[in-house]
Structure formats: C-alpha cells, structure tokens
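Secondary and tertiary structure notes
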Amino acid sequence: MYSEKVMKHFLSPQNAYRMLDADAEGSLGDPSCGDSLTMFIKVRDNYIEKISYLAFGCCALIAVSSMTTVLAMGEHLNDALRITEEDVIRALDGLSPMKQHCSNLGVGALRKAINNYYEAKRQTEILIKEVSR
Ligand code: FES
C-alpha cells in the first residue's frame, strides 16, 4: 500500500502552514479528484530560505507536498525548478501507480511559486527602471 516514508510524512507533515510573509505562492488543483495545493516560498539571494504548503486532498498528496518542501528547502531557485515528480516519488520510497499522479501537484505548485516569484521580480525591476528615468 503506502511506504513507511509516505506514512511518516502523512502523519507528521513537514512545513504544513500558511506562510504569511511569503515572497510568492503557487496553487494547483487536480480536476480529476478535486484536490488542491498551494506552495509558499520565502527567497533570499535566489535561495529558498523557507517553504511551506497548504494541501486539501489525499494521503499521498500530503506526503508528496511534505517531501517536496523537504527537497526544495535551502535550494537555489534554479535547482528547485529541476526537482521532478520522479525525485519526489523516489524520496518517498515509491507510490502505487494509482497515486503517482498526486506527485504532479507537489512539483507543479512548487514550479508555479518559483515562476510567480521570478515574474514579480521582473515586474519590480521594470517599475524601478521606469521610475528612475
Ligand atoms: Fe487527488 Fe491524490 S487523489 S491528489
């Protein structure tokens, strides 16, 4: 059924909270099951200083979200963008074929949060350039 690691992250999820001072967030839902996930990141010098999530969904989604934050914590944004669904599944010692799609939400929400961070930074830089003309 579920590996010991999946059960550990389901029963004692890491970084499961709404980050009030996040620099960016990314949300994703799976219309096939109705589950959803929001990832929050706090960034310093392009490294993920803090990461957290709020998830509404199955046991595998909670474990995937928790493990995704563990893998991404402290990483450079570009390295965090390279984390794959397979990395998360491997770190959890596997997921049954029926539950593998749950890993898409973890990685997808993380990538969205990072992309939203880059987009906000780009917009700020454009504004600063316009103001200083
Ligand atoms: Fe929906 Fe797991 S069944 S994310």
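First, a word on what this report is: a plain description of the structure on this page. (Residues numbered from 1 in each chain as written. Predicted model: local features only at pLDDT ≥ 70, side-chain atom pairs only at ≥ 80, totals over all residues. Heavy atoms only, no water.)

Quick word on the packing of helix α1 (residues 4–11) against helix α2 (residues 59–72)
In the contact formed by α1 and α2, the axes pass within 8 Å of each other and the chain directions differ by 90 degrees. The pairing of α1 with α2 is recorded here as roughly perpendicular in orientation. Residue-level inspection shows K5, V6, M7, H9 and F10 of α1 in contact with α2, the latter providing C59, I62, A63, S66, M67 and V70. A class-by-class count of the residues in the contact of α1 with α2 yields eight nonpolar, two polar and one charged. (Axes fitted to C-alpha atoms, helices over the stretch in contact; angles between N-to-C directions. Helix = DSSP H or I, 4+ residues; strand = E, 2+ residues; numbered from the N terminus. Parallel < 35°, antiparallel > 145°, perpendicular 65-115°, else oblique. Contact = heavy atoms within 4.5 Å. Nonpolar A, V, L, I, M, F, W, Y, C, P; charged D, E, K, R; others polar.)

A look at the environment of G94
Turning to its location among the elements, G94 is positioned in the loop between α4 (85–91) and α5 (102–131). Here G94 falls in the partly exposed class, since its relative accessible area comes to 26%. Apart from the residues lying within four places of it in its own chain, the contact partners of G94 are S3, V6 and I89. (Buried < 20%, exposed > 50% of the residue type's maximum accessible area, 1.4 Å probe, protein only.)

Considering the packing of α2 against α5
The relative placement of two packed helices comes down to the angle between their axes together with the axis-to-axis distance. Packing of α2 against α5 leaves a shortest axis separation of 8 Å and a crossing angle of 40 degrees. For the crossing formed where α2 meets α5, the hand is right-handed. Two secondary-structure elements touch here, α2 through A60, L61, V64, T68 and A72 and α5 through C102, S103, L105, G106, V107 and L110. (Left-handed = near helix turned anticlockwise from the far one by under 90°.)

Considerations on the packing of aromatic side chains
Evaluated as defined, the whole model comprises one aromatic pair. When the centroid spacing of 6.1 Å and the interplanar angle of 55 degrees are considered together, the rings of Y117 and Y118 count as tilted. For Y117, a relative accessible area of 15% corresponds to the buried category. Relative accessible area serves as the criterion here: at 27%, Y118 is assigned to the partly exposed category. (Phe/Tyr/Trp six-rings, centres within 6.5 Å; stacked < 30°, edge-to-face > 60°.)

Quick word on the sheet that holds strand β2 (residues 35–44)
Strand order in the open sheet formed by three strands is β1-β2-β3, and the pairing between neighbours is antiparallel. Taken across any chain shown, the strands that pair with only one partner, and hence form the sheet edges, are β1 (24–30) and β3 (47–56). Taking each pair of neighbouring strands and ignoring which way they run, the sheet shows an average axis angle of 15 degrees. Bridging between β2 and β3 involves nine bridges; their strand directions are antiparallel. Paired with K42 across the bridge in β3 is K50. Those strands touched by α2 are β2 and β3, and its axis lies near 175 degrees from that of β3. Docked against the sheet, α5 engages β1, β2 and β3, running at close to 145 degrees with respect to β1. (Pairing = 2+ DSSP bridges.)

Examining the nonpolar core
L37, I41 and I48 are the most contacted members of the largest nonpolar core, which totals 35 residues. Breaking this core down by element, the ones donating at least two residues are β2, β3, α2, α3 (77–81), α4 and α5. Among residues more than four places away in sequence, those in contact with I41 are M19, A22, D23, A24, I48, K50, I51, L77, A113, I114 and Y117. (Core = buried A, V, L, I, M, F, W, Y, C linked by side-chain atoms within 4.5 Å.)

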